[in-house]
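# Coordinate inspection notes
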Amino acid sequence: MAPERFFLELTPPSELLRSAPHVVIVGGGFAGLRAAHVLAGKTVRVTLIDRRNFNLFQPLLYQVASGLVSQTDVASPLRVMLGESENIQILMGEVDDINTKDKEVVFNNRRYRYDHLVLAAGATSSYFGHDEWRSDAIPMKTLEDAYAIRRKVLNSLEEAEQTPDPERRKWLQSVVVIGGGPTGCELAASLNDLMRHTLERDFMQIDPTHCKVTLVDPGDRVLRAMDPQLSASAGDHLKAKGVELLLGGRVKDISEGKVVITTKDGEVTLEANTICWTAGVAASPLGKLLAERTGCELDRGGRVVVEPDFSIKGHGEIRVIGDLCSYSHTRDGKPLPGMAGPAVQMGGWVAKDILAQCQSQPNPAFAFTDFGSMAVVGPLFAVANLRGLKLSGPLGWVLWGLAHLAFMPANESRLTLLTKWLWMIATRERSALVITETSS
């Protein structure tokens, strides 16, 4: 008879694992999933906890929002990716508390002991103290957010198609994206292309030239974290394609269909039926809970300040990785950015370090390899800085596409994405423009 796969802390799948260390990983994003993959098949019991049953490829959420791809292209079931590893169990739910004295996590009204705890719960959207804006400015962190943006835009266009009032039609065809980082630029560019070109032949009463996408950022340029030359190239391309840039302005207020921006020349009011928020992120509330239980330090964004081995002071058995951690043990002393590349490297190193500890063996210190940064700002146009190699235009887009396909955890998704990208380039058609009331 096949061994029982369900073990929690009761019956392990094999006698070899009965006394093996128990590693609890909270979060199935880039960092947590990578850690689980490294621990798969090793002599440790692994429990991966996530409130969702899938890994979300967040860098392509904007493509869901703009109808280029669907949820199955960017969300891969955790059980499919890890289900063949008999030493790994996957549990769905949220961690309610952490008892660091007894080394327990409180989860789904039960307590599970751990030998090693890896917190990789990620981040949420931050409205910088104005959470009342959330109801009028849609964030871009979850599948539900992406579907909400897509539904809002498509419903607006459907209403505009049958609205006789030209001023209301222009308002319905207007979008404001707040935040000029990679996510904001990618979303603005993709929505602009959707409204101006993809749907041009599908709506009879809508004038594509009246579609308006405005990108707002407090800085003097978009993509401020990138090289100024590439940033300028991205901004110029966005403007050439019709995206309006409002730089040097800070959001003062957001209400239904309206954004008030404070600039050096006075207040500017933008009116649009669709308002999207990509301006800031905040660490998972799990960081605050950990600080309350251990006294560990948090940075201004709520991220946990960690030691060189990603542990917290006084608790070497607790590691914090991904967007939840503030890791400043770098050559220049700057914290690692909340991106897929650093998260994957963190997860892999921490898993190897745990295995080294279990075997009483040394492990080389963590050394982050920066492969560069990139952002796509339109069909066949992206900017990339790959360790000093600066590229923009079609070649940048090709490298952007290859990099994202490489990070995609599921092979099936890689093939589907490549097919849909090539189809969109050839026909300007998008495959996911169905309006649904629920995520589907």
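Each value, and the rule that gives it
- Residues numbered from 1 in each chain as written.
- Predicted model: local features only at pLDDT ≥ 70, side-chain atom pairs only at ≥ 80, totals over all residues.
- Heavy atoms only, no water.
- Axes fitted to C-alpha atoms, helices over the stretch in contact; angles between N-to-C directions.
- Helix = DSSP H or I, 4+ residues; strand = E, 2+ residues; numbered from the N terminus.
- Parallel < 35°, antiparallel > 145°, perpendicular 65-115°, else oblique.
- Left-handed = near helix turned anticlockwise from the far one by under 90°.
- Contact = heavy atoms within 4.5 Å.
- Nonpolar A, V, L, I, M, F, W, Y, C, P; charged D, E, K, R; others polar.
- Pairing = 2+ DSSP bridges.
- Phe/Tyr/Trp six-rings, centres within 6.5 Å; stacked < 30°, edge-to-face > 60°.
- Buried < 20%, exposed > 50% of the residue type's maximum accessible area, 1.4 Å probe, protein only.
- Expected span 1.5 Å × (residues − 1).
- Right-handed = clockwise from strand over helix to strand, strands pointing away.

## A closer look at the packing of helix α5 (residues 143-161) against helix α7 (residues 182-198)
- Where α5 meets α7, the axes come as close as 12 Å, and the angle between the chain directions of the two elements is 30 degrees. As the angle between them shows, α5 and α7 are arranged roughly parallel. Regarding α5 and α7, the two cross each other, and that crossing is right-handed. For the pair α5 and α7, contact is made by I149, V153 and L157 and by L187, L191, L194 and M195, respectively.
- Partitioned by chemical class, the residues of the contact of α5 with α7 number seven nonpolar, no polar and no charged.

## A short note on the sheet that holds strand β14 (residues 250-255)
- Reading across from one edge, β14-β15-β16 is the order of the three strands in this open sheet, with antiparallel pairing throughout. Looking at the sheet topology across the chains shown, the edges are occupied by β14 and β16 (266-271). Averaged over all neighbouring strand pairs, the angle between strand axes comes to 20 degrees, with direction disregarded.
- Taken together, the six bridges between strand β15 (residues 258-263) and β16 define a ladder with antiparallel strand orientation. Within β16, the residue paired with K258 across the bridge is E271.

## A look at the packing of aromatic side chains
- By the definition in use, this model includes 13 aromatic pairs.
- For the ring pair F310 and F366, a centre distance of 5.0 Å and an interplane angle of 80 degrees mean the geometry is edge-to-face. With a gap of 56 residues between them, F310 in the loop between β19 (304-305) and β20 (311-312) and F366 in the loop between α10 (340-358) and β23 (373-376) connect regions that are remote in the sequence. You'll find F310 and F366 in the same group, each marked buried.
- The class for F366 is buried, based on a relative accessible area of 11%.
- Three or more aromatic residues link up through ring pairs in this structure, and these residues are Y127, F128, W133 and W277.

## Focus: α10
- Spanning 19 residues, α10 covers 27 Å between terminal C-alpha atoms, matching the ideal 27 Å at 1.5 Å per step.
- With respect to burial, α10 is a largely interior element, 14 of its 19 residues being buried.
- At the C-terminal side of α10, S360 shows a positive phi close to 55 degrees.

## Things to note about the pairing of strand β12 (residues 212-217)
- Across the six residues of β12, five count as buried, placing the element largely inside the fold.
- Across five bridges, strand β11 (residues 174-178) lies against β12 in parallel orientation. The residue of β12 that forms the bridge with V176 is T214.
- Traced from β11 through α7 to β12, the parallel crossover comes out right-handed.
- Sheet topology places β12 next to strand β13 (residues 244-247); four bridges connect them, and they run parallel. Following the sheet pairing, D217 is matched in β13 by L247.
- Once the chain exits β12 it traverses helix α8 (residues 228-240) before rejoining the sheet at β13, and the crossover so formed is right-handed.

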